[in-house]
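# Structure at a glance
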Amino acid sequence: MTFGALDQLDTAVLYFIQEHIRSGWMDGFWTGVTSLANGGWFWILTAAVLLLWGRTRRAGLTAAVSMLLGFLITNLLLKNLVARPRPFDLYPVIQPLVERPHDFSFPSGHTCVSFAASLVYLRMLPRPWGAASVVLAAVIALSRLYVGVHYPSDVLGGFLVGCLVSWAAVRLAERRKTGQIVRDQ
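Within every chain, residues take consecutive numbers counted from 1 along the sequence as written. Whole-chain, interface and lining totals are the exception, using all residues; otherwise, since this is a predicted model, local features are given only for residues with pLDDT of at least 70 and side-chain atom pairs are given and counted only at 80 or more. Excluding hydrogens and water, the side-chain figures rest on all heavy atoms present in the structure.

Next up on the list: the packing of helix α2 (residues 24-35) against helix α7 (residues 127-146). Look at α2 against α7: their axes get within 8 Å of each other, and the N-to-C directions meet at 120°. Judged on the interaxial angle alone, α7 and α2 are oblique. Remark: the crossing between α2 and α7 carries left-handed chirality. Together, Met-26, Asp-27, Phe-29, Trp-30, Val-33 and Thr-34 of α2 and Val-139, Ile-140, Leu-142, Ser-143, Arg-144 and Tyr-146 of α7 make up the contact between the two elements. Under the grouping applied here, Gly and all other residues not named as nonpolar or charged are polar, the nonpolar ones being Ala, Val, Leu, Ile, Met, Phe, Trp, Tyr, Cys and Pro and the charged ones Asp, Glu, Lys and Arg. For the contact of α2 with α7, the residue count by class is eight nonpolar, two polar and two charged. Every axis corresponds to a line fitted to the C-alpha atoms, with the helix fit spanning only the stretch in contact, and the corresponding angles, defined between N-to-C directions, vary from 0 to 180 degrees. Each helix is a run of DSSP H or I of at least 4 residues and each strand a run of E of at least 2, with the numbering of both proceeding from the N terminus. Should an angle fall under 35 degrees it is taken as roughly parallel, and over 145 as roughly antiparallel, whereas 65 to 115 is taken as roughly perpendicular and any remaining angle as oblique. Crossings are classed by handedness, with left-handed meaning an anticlockwise turn of the near helix from the far one by less than a right angle and right-handed meaning a clockwise turn. Contacts are assigned to residue pairs with any non-hydrogen atoms lying within 4.5 Å of each other.

Structure representation (structure tokens):
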């Protein structure tokens with residue numbers, strides 16, 4: 001699938017980042033940040049830790065459901081349906097700073113998992129923790145551009161899926177808490 005004019009804009013943004021924003025002293029920071037969402041490990045670990053305490057168990061479980069939904073929609077459905085090549089595969093001038101992913105580019109799984117979890121935390125945990133997790137999710141999303149493995153529209157797509165699944169998971173948790181799921185059946 002080709003994205004036409006969007007490809008040109010996306011590629012121009014990546015080229016600008018590579019030529020005018022990337023700097024050796026920042027590369028370690030951005031590659032470290034991006035690795036937090038490799039396989040979703042940081043967000044999965046956070047949800048697992050939250051499951052340990054009664055006060056945060058519901059948030060951890062809801063985030064796990066949100067991440068699972070995001071994975072199914074992003075990695076199993078949309079990436080294969082859209083089949084968008086990575087930027088470095090089409091434009092050799094774009095040089096990734098991390099190991100080249102071998103799956104498709106759209107949407108960004110790192111961005112999806114980050115917002116799938118962090119937006120749940122924003123709604124279900126005390127404000128400072130939720131807000132901090134959203135800031136981290138945004139930095140991870142930007143890191144995907146900095147390291148050159150996603151187009152801006154891939155990141156936007158991952159963000160939108162993350163928003164959708166977090167909303168659905170929170171709604172499901174709210175309905176479960178009030179017993180509406182049992183009564184609706």
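Right, let's get into the state of the cysteines. The disulfide criterion is simple: two cysteine sulfur atoms within 2.5 Å. In this structure the tally under the stated criterion is zero disulfides. Its sulfur unpaired, Cys-112 is 9.4 Å from the next cysteine sulfur, which belongs to Cys-163.

On to the side chain of Ser-118, then. As for its placement among the helices and strands, Ser-118 is situated in helix α6 (residues 109-124). Take Ser-118: its relative accessible area is 0%, and that puts it in the buried class. Counting of polar contacts relies on pairs of N or O atoms within 3.5 Å, with two restrictions inside protein: one atom must be capable of donating a hydrogen and the other of accepting it, and residues adjacent in sequence are counted only when both atoms are side-chain atoms. Side-chain polar atoms of Ser-118 contact the backbone oxygen of Ser-114, separated by 2.9 Å. Beyond its immediate chain neighbours, meaning those up to four positions away, Ser-118 contacts Trp-43, Gly-130, Ser-133, Val-134 and Ala-137. Remark: exposure states derive from per-residue accessible area (1.4 Å probe, protein chains only) relative to the maximum for the residue type, with buried under 20%, exposed over 50%, and partly exposed in between.

Further remarks concern α6. For α6, which comprises 16 residues, the first-to-last C-alpha distance of 23 Å matches the rise-based estimate of 22 Å (1.5 Å per residue) to within 8%. For α6, the buried fraction is high: 13 of the 16 residues fall into the buried class. One fewer than the residue count of a helix, multiplied by 1.5 Å, yields its expected span.

This part is about the packing of α6 against α7. Put simply, α6 and α7 touch, their axes get as near as 8 Å, and they point 170° apart. Classified by the interaxial angle, the pair formed by α6 and α7 is roughly antiparallel. Here His-110, Thr-111, Ser-114, Phe-115, Ser-118, Leu-119, Tyr-121 and Leu-122 of α6 come into contact with α7, specifically with Arg-127, Gly-130, Ala-131, Ser-133, Val-134, Ala-137, Ala-138, Ile-140, Ala-141 and Arg-144. In terms of residue class, the contact of α6 with α7 is made up of ten nonpolar, six polar and two charged.

Let us now look at the packing of aromatic side chains. Pairs of aromatic rings are described using the distance from one ring centre to the other and the angle between the two planes. Each pair of aromatic rings taken from Phe, Tyr and Trp, with Trp reduced to its six-membered ring, is defined by centres within 6.5 Å and is described as stacked if the planes are under 30 degrees apart, edge-to-face if over 60, and tilted in the remaining cases. Scanning the entire structure with this criterion turns up five aromatic pairs. With centroids separated by 5.1 Å and ring planes inclined at 80°, the aromatic side chains of Phe-29 and Trp-30 adopt a geometry described as edge-to-face. With a centroid separation of 6.0 Å and an interplanar angle of 90°, the aromatic rings of Trp-41 and Phe-42 are classed as edge-to-face. The class of Trp-41 is partly exposed, set by a relative accessible area of 41%. Sitting over the ring of Tyr-151, Arg-84 keeps its end group 3.8 Å from the ring centre. Over a ring means this: the NZ of a Lys or the CZ of an Arg is within 6 Å of the ring centre and within 35 degrees of the ring normal.

End to end, helix α4 (residues 54-82) covers 41 Å across 29 residues, agreeing with the expected 42 Å (1.5 Å per residue, within 8%). Bend, at a single residue, is the angle you get between axes fitted to the 7 residues ending at that residue and the 7 residues starting at it. Maximum bend of α4: about 25°, positioned at Thr-74. Buried within α4 we find Thr-56, Ala-59, Gly-60, Thr-62, Ala-63, Ser-66, Met-67, Gly-70, Thr-74, Lys-79 and Val-82. Its buried side turned inward, α4 meets α3 (41-50), α6 and α8 (152-178). At the exit of α4 stands Ala-83, carrying a positive phi of roughly 55°.

A carboxyl oxygen of Asp or Glu within 4 Å of a side-chain nitrogen of Lys or Arg is what we treat as a salt bridge. A complete count under the given rule lists seven salt bridges for this structure. Of the charged contacts, one joins Glu-174 and Arg-123 as a salt bridge, the two residues approaching to 3.1 Å between their closest N and O atoms. You can see Glu-174 sitting in helix α8 and its partner Arg-123 sitting in helix α6, a full 51 residues away along the chain. Using a relative accessible area of 28% as the deciding quantity, one classes Glu-174 as partly exposed. Put simply, Asp-7, Asp-10, Arg-84 and Asp-154 are held in one network by salt bridges that share partners.

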